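Listed here are the chains, written in short residue letters.
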Amino acid sequence: MSSRRRQSTQRKKAPESSVTPIRLPPFLKPGAAVEISSDEAGFRGSWYVGEVVAVPSSDSTTKCEVEYTTLFFDKEGRKRLKEVVDAAQLRPAVPAMSEREKERDVAVGEDVDAFYSDGWWEGTVTEVLGDGRFSVYFRASKEQIRFRRDELRFHREWVNGAWKPPIEEREEEEEEEEEEEDLLSRVDPETAREIAKQMFSIGTIVEVSSDEEGFKGSWFSAKVIEHVDEEDKYLVEYRDLREENGIEPLKEEADFLHIRPPPPADEDIDFAVRDKIDAFYNDAWWVGDVIESMKEGIVGVCFRYTGEKMRFGRQGLRLHRDWINGTWQLPLKRGEMKRATKKVPCDRNVRPKKAIDKEHFSGGDPVEVSSVEEGFEDSWFLAKVIEYRGTDKWLVEYEKLKAEDGKEPLREEVNVFQIRPRPQETVMVNPLEKLDEVDALYNDGWWFGVVKKVLAKSNYLVHFPKTDEVLKFHVSRLRPHQEWIDGKWIASSKVCF
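Let me begin by describing the structure that accompanies this report. Owing to the predicted nature of the structure, the values given are computational and were not obtained by experimental measurement.

All right, on to a nonpolar patch on the surface then. A cluster of nonpolar side chains, contributed by Val372, Val416 and Phe417, occupies part of the molecular surface with about 250 Å² of accessible area. Tracing the backbone through its elements, the reader meets Phe417 in the loop between β29 (409–415) and β30 (419–421).

Encoded structure:
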């Protein structure tokens with residue numbers, strides 16, 4: 001559980017402050033095992049094991065000193081390489097695979113990390129060779145290399161303080177995720193906005209939540225200071241949090257979806273195992289579940305978003321309630337909310353319209369072109385081949401991109417590994433689902449992403465791993481993600497756990 005009492009002074013301050021202190025992720029502490037990425041050309045998509053040596057002594061920088069486990073400063077391999085990197089390049093060390101994962105089959109299209117040249121590299125399985133070996137294609141370098149099963153691990157992303165997909169698949173975790181999605185689907189933003197305008201006048205006592213890493217599932221007591229009309233935000237003053245001077249109450253802006261009135265008080269309630277509760281800890285109410293009931297009203301609580309377990313007396317607990325469209329609603333106990341298990345095949349069910357079987361390009365061929373320029377990784381732009389320039393170089397003319405005059409189509413000389421045929425057009429028989437890998441049409445190109453949430457009217461929220469952005473798209477601007485490998489299209493699989 002993150003300690004908010006002193007760290008609270010590092011929260012984003014109200015608009016009148018000119019200083020925005022920086023908070024490091026909770027896992028970054030001296031001696032902590034981490035994995036380190038690189039922005040250096042040729043090393044993108046790789047992670048190296050190491051540990052944190054030192055963290056910044058002030059809140060004005062995010063630079064940390066790390067020591068690599070497998071990289072060395074000297075040729076003899078005696079002095080481990082040390083380097084100063086930004087906190088954004090660090091994540092916790094990936095836990096060892098469970099026995100269940102070790103026994104799981106690795107399929108074509110699976111996203112994996114392969115241990116190569118002293119680091120873990122992100123790739124996609126393109127072939128199961130049958131002798132305990134697999135061919136893996138690396139999108140960043142356009143290489144394909146063979147690996148043993150023990151040199152592979154299933155790929156995961158560290159997103160908002162948690163591994164995606166989770167390290168262990170447990171029925172309880174699936175239930176929590178479904179419960180959270182169900183809660184979000186029941187909140188009508190327009191209704192919530194109007195209710196907030198009616199209820200949250202200046203001086204109103206409220207509770208405020210945060211999506212900040214390490215504070216999900218917590219609610220802090222505050223009062224409304226000002227309504228920022230044009231943004232539907234409210235300036236609030238916290239009851240228990242302080243500014244940097246440790247004296248003045250902390251003020252900050254919060255939008256209407258992160259504010260609610262205090263829930264009604266509970267009277268003479270004996271909490272039972274599996275009750276969903278809020279526990280008061282470090283100046284906030286944190287959501288958890290009762291896991292044990294003891295004498296004299298003492299109960300054991302497991303916090304939902306951190307997994308930490310603590311014991312509380314009756315005074316520090318209340319039943320958990322959700323504020324939905326102006327009413328308080330009690331959730332079901334854990335285990336009562338069961339869903340019908342729906343097995344989703346890893347392969348997207350598509351029907352091809354037109355196949356492209358050319359192995360070599362010639363003038364006039366419609367193609368897609370990728371870029372090696374920073375900020376444009378994992379994007380493909382429509383073009384046509386103009387001519388071969390020799391030494392594996394082609395001249396292409398883009399369909400949507402313009403030259404400097406803004407009139408003529410942009411022409412560019414690119415390497416052969418940056419060109420591929422246009423993917424076969426597909427008609428999706430089944431709708432897209434959460435965690436499906438897709439290409440999204442955005443800014444004149446197709447960008448790789450992952451479906452984060454299914455919305456109404458065939459709309460989807462798509463997460464772009466390279467930029468960590470989340471954008472909304474209609475299904476007409478999405479297509480299932482595929483890779484062109486060895487002259488054939490390989491469909492990416494959904495991560496199925």
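On we go.
Time to look at the pairing of strand β13 (residues 205–209). Counting buried positions along β13 yields 4 of 5 residues, so the element is predominantly enclosed. With 2 bridges connecting them, β13 and strand β17 (residues 259–260) associate as antiparallel partners. Residue pairing in the sheet places Glu207 in a bridge with Arg260 of β17.

What follows is about unusual backbone geometry. Residues other than glycine predominantly adopt negative phi, and peptide bonds predominantly adopt the trans conformation. In this structure, Asp283 takes a positive phi of about 70° despite not being glycine. Positionally, Asp283 belongs in the loop between β18 (276–281) and β19 (284–293). By relative accessible area, Asp283 is classed as buried at 8%. Although it is not a glycine, Asp378 adopts a positive phi angle of roughly 65°. Its place among the elements puts Asp378 in the loop between β26 (366–370) and β27 (379–390). According to the relative accessible area criterion, Asp378 is buried, its value standing at 17%.

Turning our eyes to something else, we now look at the environment of Pro423. Within the element layout of this structure, Pro423 appears in the loop between β30 and β31 (426–428). Residues Pro423 and Glu483, spaced 60 residues apart in sequence, show a C-alpha to C-alpha distance of 8.7 Å. Excluding anything up to four places from it in sequence, Pro423 contacts Glu368, Arg479, Gln482 and Trp489.

Calculation criteria
Residues numbered from 1 in each chain as written. Predicted model: local features only at pLDDT ≥ 70, side-chain atom pairs only at ≥ 80, totals over all residues. Heavy atoms only, no water. Patch = residues over 30% accessible without salt bridge, like charges linked within 9 Å, V, L, I, M, F, W, Y side chains within 5 Å. Areas by Shrake-Rupley, 256 points an atom, 1.4 Å probe, with all protein chains shown as cover. Salt bridge = Lys/Arg side-chain N within 4 Å of Asp/Glu carboxyl O. Helix = DSSP H or I, 4+ residues; strand = E, 2+ residues; numbered from the N terminus. Buried < 20%, exposed > 50% of the residue type's maximum accessible area, 1.4 Å probe, protein only. Pairing = 2+ DSSP bridges. Contact = heavy atoms within 4.5 Å.

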